[in-house]
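Summary of structural features
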Amino acid sequence: MSFDRQTTLRAPVTLTGIGVHSGAPATICLKPSSANSGIVFLRQGLENAPAQLIHAKHTKVSATELCTVIGDRASASVATIEHLMSACAGLGLDNVLVEIDGPEMPIMDGSAAEFVGAIETTGLVGLAAPRRYLRILQPVRVEHGRAFAELLPAKSGFRLDVEIDFDTTVIGRQRKVFDLEASAYAQEIARARTFGFMRDVEQLWKAGFALGASLDNTVAVGDDKVINPEGLRYGDEFVRHKVLDAIGDLALAGYPIVGEFRSYCGGHRMNVRILEALFADRANYAIVEAEPVYAAPRAVQMAAAAPAAFAPDVH
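Residues numbered from 1 in each chain as written. Predicted model: local features only at pLDDT ≥ 70, side-chain atom pairs only at ≥ 80, totals over all residues. Heavy atoms only, no water.

**Quick look at the nonpolar core**
- Ranked by size, the top nonpolar core spans 77 residues in total, and within it Leu30, Phe41, Met105, Tyr185 and Phe261 carry the most contacts.
- Among the elements that take part in this core, helix H5 (residues 237-250) stands out by supplying seven residues, more than any other.
- Beyond its immediate stretch of four places on either side in the chain, Met105 contacts Ile18, Gly19, Ile28, Phe41, Val78, Ala79, Thr80, Ile81, Leu84, Val98, Ile100 and Phe115. (Core = buried A, V, L, I, M, F, W, Y, C linked by side-chain atoms within 4.5 Å. Buried < 20%, exposed > 50% of the residue type's maximum accessible area, 1.4 Å probe, protein only. Helix = DSSP H or I, 4+ residues; strand = E, 2+ residues; numbered from the N terminus. Contact = heavy atoms within 4.5 Å.)

So, in structure tokens, the structure goes:
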């Protein structure tokens, strides 16, 4: 079954947790939204200021150090959005209003699994508007030292080819090639957790990062082993998480991508830079409608008979 219409949530869903870097509690409510609205964050809980809307677009990115931040950090921003963005892109959720009461998304278990579970449980509904895709027309590449990221044309679908290379035997060199599809995303990518190195902990704390990190939400890498008593969820969980992050960051393009993404030793900054390079030249891409290249997400199929979605409280 091909899926050629835009989607939104069938009903609101709420999740709570803490921010992995801020350590601050956070509650988010994902709400159905209208066609062509995209993914929008409603930043609430601002001191002496009304709630502010922040569109999840690469042009709104204000920081990429250890996580992806959108919005103005001096007034209203939301940090660590990449895992929720990844879940939305992985499951084919096009339009949603994300109400959040703090400066950072809850980290949950360090993966996208709980966001995926919430979206699948609630279900998606198709909207009348056709889905629009971002088709890559010619190669685009960015480099930084030995690291690179590139986007290439493809006949259909979205393939990610991600490789990492860490100077530790615990991780080493890992590569994952993944064709984005809802069922495969939920099984192969969504449960891969974020990771960090024990040797960096004190330095990160001094810099104001990882204040909410724990073995409950982070894979901790020691000198010669994984510290978490349960071990890894996948033998190559580290590169799978990098794929998860790339899917989330690249969703800031605003459309599902038809093309291929390749990355070596990349990260949030490189992911955003490749989008900046892509959109710098109109000859690099085309916006096309309703190309039947993605299978219908399971959640949409389950909610096929649902009533029409309602619009968010704020547009």
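We are not done yet, so read on.
**Here we look at empty space enclosed by the protein**
- One pass over the structure, following the stated rule, counts one cavity of 30 Å³ or more.
- Considered as a void within the structure, the largest cavity measures approximately 70 Å³ in volume.
- If you trace the largest cavity, you find it lined by Val162, Glu163, Ile164, Lys242, Asp245, Ala246, Phe261, Ser263, Cys265, Gly266, Gly267 and Asn271.
- Contributions of two or more residues to the lining of the largest cavity are made by strand E14 (158-165), H5 and strand E18 (257-264).
- In terms of residue class, the lining of the largest cavity is built from five nonpolar, four polar and three charged. (1 Å grid on protein atoms, 1.4 Å probe; cavity = no way out; pocket = protein on both sides within 12 Å on 5 of 7 lines; lining within 4 Å. Points joined across faces, edges and corners; volume = space filled by probe spheres on them. Nonpolar A, V, L, I, M, F, W, Y, C, P; charged D, E, K, R; others polar.)

**Considerations on the pairing of strand E8 (residues 76-79)**
- By the alternation rule, side chains of E8 split into Ala76 and Val78 and Ser77 and Ala79, which are all buried.
- With four bridges joining them, strand E7 (residues 69-72) and E8 adopt antiparallel strand pairing. In the sheet register, Asp72 faces E8, and the bridge partner there is Ala76.
- Hairpin geometry of E7 and E8 is characterised by an intervening segment of three residues between the two adjacent antiparallel strands. (Pairing = 2+ DSSP bridges.)

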